[in-house]
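# Coordinate inspection notes
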Amino acid sequence: MRTALAGLTTRGRSFLAAGVAAAVCAYVLGQPDLLRVGLLLAVLPLICAAVLYRTRYRVAGSRRLSPARVPAGSEARVHLRMDNVSRMPTGLLMLQDRVPYVLGPRPRFVLDRVEAGGRREVSYRVRSDLRGRYPLGPLQLRLSDPFGMCELTRSFSSYDTLTVIPRVEPLPPVRFSGEAKGYGDGRQRSLALAGEDDVIPRGYRYGDDLRRVHWRSTARYGELMVRREEQPQRSRCTVLLDTRGIAYDGVGPDAPFEWAVSGAASVLTHMLERGFTVRLLTDTGSAVPGEGAEGFAGGGESAEAAGLMMDTLAVVDHSDGAGLSRAYDVLRGGNEGLLVAFLGDLDEEQAAVAAKMRQRSGGAIAFLIDNDSWSRDTGREPNGGSEPMKGQQERLTMLRDAGWTAVSVARGASLEDLWRQADRERSGVVGTIGRAGS
């Protein structure tokens, strides 16, 4: 009963207060007719609260996101469905869904009487310029009596999650010198055996294709032997994302760190579509959960792989690290193929560490954020760790001397243009697009 009384509306409380006041006045003045009016005014909201509290609507609620993964700045639609699974019709229902303030105002709907076995469907739109994972729900149902004396809220237990991923910019299919496409010209080849690699025909194993039987070896050893075959080896690409908090200035959807995250997402998607085996690496040395030892392979499962990497990039945040040494330890373990790095501000020590990463890659491309340009264009003071334009050029020179194709990223630069510029510079033609001061 305490819960029911707590749900009294302003009208219900006013009726209750007026009834109590009328009853007191009737007692003081000796007016029995006024006492009857006071009792009626006081009892009406109490009866409404009791009836509403004992009302047991059997309704089922569900939510559907379309789509469940949406790029930042795009809209998603949320579909709500209410089913009356009881044999009695419902009264007036007020439906409310809980959403984070980043996605917009809290949606509210008024549903008329729902017949027995009936359903109602409503929808609303959400939009966020900030990537992340946002919970939607639980769904709340507000019940009200016909007189508006009492309102009670009942919640469903389920909720869904909307994933806002970084913006992905389509990139042109350029060909970096010395790098093979996923299965293109200049591809390497490796042994493809059902078990470990060897240099002679091996014994037949369950599941081997009978067309691979090596009859000469079979006659020699007295058992079925299968020949070794070759298959193309996928070209590999590692995308390094510098997440150090001290390496970037500013916050918000237009911050340089968000540009770097969006750039990493664009390159990963582009390389997967070209058939590369890709891997995402951060300065902390961590990778995508569920990623194999060599990364995600492009091809038929590229959509699922891209989804996992986009989910990781949706929640990636600044790290507390001050250097790139952990990433370098991971990279020096083997040949990483093509290395694409999105780097923030580098001091001389970290520029030297980044320069050494080039030794274990077939090709290396670096997009170096020019924090001085970003801060100057937004009217903010540069970060204390940032250096003037001369320092930026020195870092670019250090990377280029080590074999990197290094490109400076100024505010407003298009990744597509920088991608083409990197291709030209790697081919010996130095462009100017995206450089600070252009």
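Residues numbered from 1 in each chain as written. Predicted model: local features only at pLDDT ≥ 70, side-chain atom pairs only at ≥ 80, totals over all residues. Heavy atoms only, no water.

Looking at an unreviewed UniProt entry, one finds the protein chain named DUF58 domain-containing protein, with Streptomyces roseirectus as its source organism.

Once that is clear, we can look at the overall build of the protein chain. Across its full length, the protein chain holds eleven helices and 20 strands. A total of 438 residues make up the protein chain; the buried ones form 45% of that total. Pairs at least 24 residues apart make up 71% of the contacts formed inside the protein chain by residues separated by at least 6 positions. In the form shown here, the protein chain has an accessible surface area of approximately 22600 Å², with 51% of it arising from carbon and sulfur atoms. (Helix = DSSP H or I, 4+ residues; strand = E, 2+ residues; numbered from the N terminus. Buried < 20%, exposed > 50% of the residue type's maximum accessible area, 1.4 Å probe, protein only. Contact = heavy atoms within 4.5 Å. Areas by Shrake-Rupley, 256 points an atom, 1.4 Å probe, with all protein chains shown as cover.)

Inspection of every chain in the model, using the stated rule, returns five aromatic pairs. Measuring from ring centre to ring centre gives 5.2 Å for tyrosine 248 and phenylalanine 257, while their planes differ by 70 degrees; the resulting arrangement is edge-to-face. No difference in accessibility class separates tyrosine 248 from phenylalanine 257, as the two residues are buried. Seen from their ring centres, phenylalanine 367 and tryptophan 419 are 6.4 Å apart, and the 15 degrees between their planes marks the pair as stacked. Here phenylalanine 367, found in strand E19 (residues 363-369), pairs with tryptophan 419, found in helix H11 (residues 415-426); they are 52 residues apart in sequence, far enough to count as distant. In textbook terms, an aromatic cluster arises when at least three aromatic residues are bridged by ring pairs, as seen for Trp259, Phe342, Phe367 and Trp419. For the cation-ring pair, lysine 356 lies above tyrosine 328, with the distance from its terminal atom to the ring centre recorded as 5.0 Å. (Phe/Tyr/Trp six-rings, centres within 6.5 Å; stacked < 30°, edge-to-face > 60°. Lys NZ or Arg CZ within 6 Å of the ring centre and 35° of its normal.)

We now examine the pattern of salt bridges. For the coordinates displayed, the defined rule picks out 15 salt bridges. With its nearest N and O atoms 2.9 Å apart, the salt bridge here joins aspartate 242 to arginine 244. Each of the two residues, aspartate 242 as well as arginine 244, counts as buried. (Salt bridge = Lys/Arg side-chain N within 4 Å of Asp/Glu carboxyl O.)

Another point: the nonpolar core. Judged by nonpolar contacts, the single largest core of 44 residues is most densely connected at Leu241, Val278, Leu313, Phe342 and Phe367. Elements with a contribution of two residues or more to this core: strand E15 (236-241), helix H5 (256-273), strand E16 (277-282), helix H6 (302-315), strand E18 (338-343), E19, strand E20 (405-409) and H11. It is H5 that contributes the most residues to this core, ten residues altogether. With sequence-adjacent residues up to four places away left out, phenylalanine 342 is seen in contact with Val239, Leu240, Leu241, Asp242, Tyr248, Trp259, Ala260, Gly263, Ala264, Val267, Phe367 and Leu415. Core analysis: the next-biggest nonpolar cluster, separate from the first, contains 31 residues, Val59, Ala76, Met82 and Leu152 among them. (Core = buried A, V, L, I, M, F, W, Y, C linked by side-chain atoms within 4.5 Å.)

Another point: unusual backbone geometry. Note that the residue after serine 66, namely proline 67, is joined by a cis bond; omega there is -5 degrees. Structurally, the position occupied by proline 67 is in the loop between strand E1 (59-66) and strand E2 (69-71).

As a further point, take the packing of helix H2 (residues 10-29) against helix H3 (residues 32-54). At a minimum axis distance of 7 Å, the contact between H2 and H3 shows a crossing angle of 155 degrees. Put simply, H2 runs roughly antiparallel to H3. When you trace H2 past H3, the crossing you get is left-handed. On H3, the residues that touch Gly12, Phe15, Leu16, Ala18, Gly19, Val20, Ala22, Ala23, Cys25 and Ala26 of H2 are Leu34, Leu35, Gly38, Leu41, Ala42, Leu44, Pro45 and Leu46. Looking at the contact of H2 with H3 residue by residue, the class counts come to 15 nonpolar, three polar and no charged. (Axes fitted to C-alpha atoms, helices over the stretch in contact; angles between N-to-C directions. Parallel < 35°, antiparallel > 145°, perpendicular 65-115°, else oblique. Left-handed = near helix turned anticlockwise from the far one by under 90°. Nonpolar A, V, L, I, M, F, W, Y, C, P; charged D, E, K, R; others polar.)

Let us look at the pairing of E19. Most of E19 is tucked away: seven of the seven residues are buried. Both faces of E19 are covered, namely the face carrying Gly363, Ile365, Phe367 and Ile369 and the face carrying Ala364, Ala366 and Leu368. When E18 meets E19, the two strands line up parallel, connected through six bridges. Each bridged residue has a counterpart across the sheet, and for leucine 339 the counterpart in E19 is alanine 364. (Pairing = 2+ DSSP bridges.)

What follows deals with the sheet that holds strand E8 (residues 139-144). Ordered by their spatial adjacency, four strands build an open sheet running E5-E4-E8-E9, and the pairing between neighbours is antiparallel. Edge positions in the sheet fall to strand E5 (108-111) and strand E9 (151-155), since each has one partner strand and no second. With strand direction ignored, the average angle separating the axes of adjacent strands in the sheet is 25 degrees. Packed onto the sheet, H3 meets E8 and E9 and runs at close to 15 degrees relative to E9.

Our next topic: H5. Here H5 contains 18 residues, and its C-alpha end-to-end distance of 26 Å stays within 8% of the 26 Å for a straight helix at 1.5 Å per residue. Glycine 275 sits one or two residues past H5 and shows a positive phi near 95 degrees. (Expected span 1.5 Å × (residues − 1).)

This next bit is on the side chain of threonine 282. Assignment of secondary structure puts threonine 282 in strand E16. Accessibility expressed as a relative area gives 9% for threonine 282, which makes it buried. Here threonine 284 takes part through its side chain, which lies 2.8 Å from a polar atom of the side chain of threonine 282. A polar contact of 2.9 Å, which involves the side chain of threonine 282, links it to the side chain of serine 286. Not counting residues within four places of it along the chain, the set of residues in contact with threonine 282 comprises Leu240, Leu241, Thr243 and Ala327. (Polar contact = N/O pair within 3.5 Å; in protein donor to acceptor, adjacent residues only side chain to side chain.)

The next thing to look at is the UniProt feature "transmembrane region" (unreviewed entry) in the protein chain. Using the residue numbers shown here, the UniProt feature "transmembrane region" (unreviewed entry) corresponds to residues 12-29 and 35-53. Its end C-alpha atoms 26 Å apart, residues 12-29 is made of 100% helix and 0% strand. Note that residues 35-53 is 100% helix and 0% strand, and that its end C-alpha atoms are spaced 27 Å apart. (UniProt positions renumbered as here; feature names shortened; annotations may be inferred.)

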